[in-house]
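What follows is the residue order along each chain.
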Amino acid sequence: MSDARMKMVLVTPEIPYNTGAIGRTCVALNLELILIKPYGFSLDEKSVRRAGTDYWKHVTLSEYDDWQSFLTARQPARDQLYFFEEHGAQTIYAPTYAEDAYLVFGCESAGLPRSILDDMDDRVFSLPMLDTRVRSLNLANVATAVIYQAMRPQLGG
């Protein structure tokens with residue numbers, strides 16, 4: 001599936017509620033959800049479906065066994081990849097997102113592996129937080145904020 005739509009990519013997601021909520025957002029915006037194994041749950045779990053409510057059956061879902069399998073199958077250009085991490089050098093407001101962008105998020109407990117981020121420092125972005133007492137934000141909330149920012153031109157913003 002290679003079209004001009006943005007795609008959400010979750011690398012080794014751990015919490016079914018987050019994946020379900022992100023899937024629901026993907027349905028709302030007609031986006032593909034790409035999941036990179038291993039998962040910290042089964043996609044059959046009620047909690048994934050519950051978070052996605054009755055929308056989960058409408059998620060355009062692709063799965064890959066690992067990051068390399070994803071890269072081999074999709075062959076994304078470097079400028080299509082946008083990685084989101086707590087300590088990204090730029091904020092989510094900096095780039096002009098490609099219409100066929102892959103928005104890549106890591107697992108809830110550890111983020112993205114260093115091996116994926118090697119030589120990609122200029123492609124790593126963060127969501128600003130003003131209070132340093134907050135260590136991190138919920139993955140589903142960050143993913144939703146990012147996708148709406150990335151799609152502002154298509155959504156009339």
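Look up a bit, the structure's there.
Bear in mind that the values here come from a model prediction, so they are computed numbers and not experimental data.

Asker: Please clarify how the overall build of the protein should be interpreted in this entry.
Answerer: Looking only at helices and strands, the protein features six helices and seven strands. Reading the secondary structure of the protein in the N-to-C direction produces β-α-β-α-β-α-β-β-β-α-β-α-α. For 157 residues, the compact-globule estimate of 2.2 N^0.38 gives 15 Å, and the C-alpha radius of gyration of the protein, at 15 Å, lies within 12% of that figure. For the protein, the residues scored as buried account for 46% of the 157 residues in total. Counting contacts in the protein only where the partners sit at least 6 residues apart, residues at least 24 apart contribute 77% of the total. Put simply, the protein shows about 8,300 Å² of open surface, and 49% of that area lies on carbon and sulfur atoms. Mean positive and mean negative side-chain charge positions of the protein (15 and 20 charges, respectively) differ by 7 Å.

Asker: Hey, could you run me through the pattern of salt bridges in this one?
Answerer: Where charged atoms of side chains with opposite charge meet at close range, the side chains can pair. Applying the stated criterion to the full structure yields six salt bridges. Arg114 is the salt-bridge partner of Asp118, the closest N and O atoms lying 3.3 Å from each other. According to the relative accessible area criterion, Asp118 is partly exposed, its value standing at 40%. Looking at Arg114, the relative accessible area reads 48%, which means it is partly exposed. Among the salt bridges present, the one from Arg133 reaches Asp131, with a minimum N-O distance of 2.5 Å.

Definitions and limits used
- Sequence order as written defines the numbering, with residues in each chain counted from 1.
- Totals for whole chains, interfaces and linings use all residues, but because this is a predicted model, local features are given only for residues with pLDDT of at least 70 and pairs of side-chain atoms are given and counted only at 80 or more.
- Water and hydrogen atoms were dropped before computing side-chain values, which therefore reflect all heavy atoms in the structure.
- Here a helix means four or more residues in a row that DSSP labels H or I, a strand means two or more in a row labelled E, and each is numbered from the N terminus.
- Only C-alpha atoms enter the radius of gyration; for comparison, a globular chain is expected to reach 2.2 Å times N to the power 0.38, where N is the number of residues.
- Buried residues are those whose accessible area, probed at 1.4 Å on protein chains only, stays under 20% of the maximum for their type, while exposed residues exceed 50% and partly exposed ones sit between those limits.
- By the convention used here, residues are in contact when the closest approach between their heavy atoms is within 4.5 Å.
- Only the protein chains shown count as covering a residue, and every accessible area follows the Shrake-Rupley method with a 1.4 Å probe.
- Note that His is not counted, nor are the chain ends; the positive residues are Lys and Arg, and the negative ones are Asp and Glu.
- Charge placement uses NZ in Lys and CZ in Arg. For Asp and Glu, CG and CD serve respectively.
- Salt bridges are defined as contacts in which a side-chain nitrogen from Lys or Arg sits within 4 Å of a carboxyl oxygen from Asp or Glu.

Purely geometric numbers; function is a separate question.
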